[in-house]
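A structural walkthrough
Here's the letter readout for the chains.
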Amino acid sequence: MSWTFRATTWRWEARRDLWVFVHVPAEISEEIAELPHPPAGWDSVKVRVRIGTTRWSTSIFPGSDGLYSLAIKKSVRDKHGIELGSTVEIELELAV
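All values reported here derive from a predicted model rather than from experimental measurement. (Residues numbered from 1 in each chain as written. Predicted model: local features only at pLDDT ≥ 70, side-chain atom pairs only at ≥ 80, totals over all residues. Heavy atoms only, no water.)

1. Quick word on the overall build of the protein
Broken down by element type, the protein carries 2 helices and 7 strands. For the protein, the N- to C-terminal ordering of α and β elements is β-β-β-α-β-β-β-α-β. Across its three principal directions, the C-alpha atoms of the protein cover 35 × 30 × 20 Å. Total accessible area computed for the protein in this model is approximately 6,000 Å², and 51% of it derives from carbon and sulfur atoms. Positive and negative side-chain charges in the protein, numbering 12 and 13 respectively, have mean positions lying 11 Å apart. (Helix = DSSP H or I, 4+ residues; strand = E, 2+ residues; numbered from the N terminus. Areas by Shrake-Rupley, 256 points an atom, 1.4 Å probe, with all protein chains shown as cover. Lys, Arg positive; Asp, Glu negative; His and termini not counted. Charge placed at Lys NZ, Arg CZ, Asp CG, Glu CD.)

Below, the structure is given as structure tokens:
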């Protein structure tokens with residue numbers, strides 16, 4: 001199952017390093033939470049992601065607000081000119 005959505009980047013304030021994330025929209029987060037997936041640490045879900053021409057495998061993590069968060073790797077941000085506050089188009093696919 002896969003989804004395409006646009007989301008705005010934000011900084012995770014819990015670390016001094018620059019960790020940049022986007023929230024998976026509520027409707028998609030709800031769908032993902034209801035789908036069966038293998039158990040993983042911190043209730044994470046393994047996914048494949050595409051931004052522009054770049055694809056990679058990672059995990060998304062649920063927050064207390066019910067939204068999943070996706071980290072955007074530095075190499076992807078650099079390649080596509082993504083900064084804090086940028087809105088990006090993301091293709092997300094469950095890695096089952």
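2. As for the side chain of Thr 54
Mapped onto the elements, Thr 54 comes out in strand E5 (residues 54-62). Thr 54 sits in the buried class, given a relative accessible area of 13%. There is a polar contact of 3.4 Å between the side chain of Thr 54 and the side chain of Lys 79. (Buried < 20%, exposed > 50% of the residue type's maximum accessible area, 1.4 Å probe, protein only. Polar contact = N/O pair within 3.5 Å; in protein donor to acceptor, adjacent residues only side chain to side chain.)

3. Overview of the packing of aromatic side chains
Counted according to the given criterion, the structure contains 3 aromatic pairs. Seen in terms of ring centroids, Trp 10 and Phe 21 are 5.3 Å apart; in terms of plane orientation they differ by 25°. Their pairing is stacked. Remark: Phe 21 occurs in strand E3 (residues 20-23) and Trp 10 occurs in strand E2 (residues 10-11); sequence separation between them is 11 residues. The exposure class of Trp 10 is partly exposed, given its relative accessible area of 25%. A connected cluster of aromatic rings, assembled from ring pairs, spans Trp 10, Trp 12, Trp 19 and Phe 21. (Phe/Tyr/Trp six-rings, centres within 6.5 Å; stacked < 30°, edge-to-face > 60°.)

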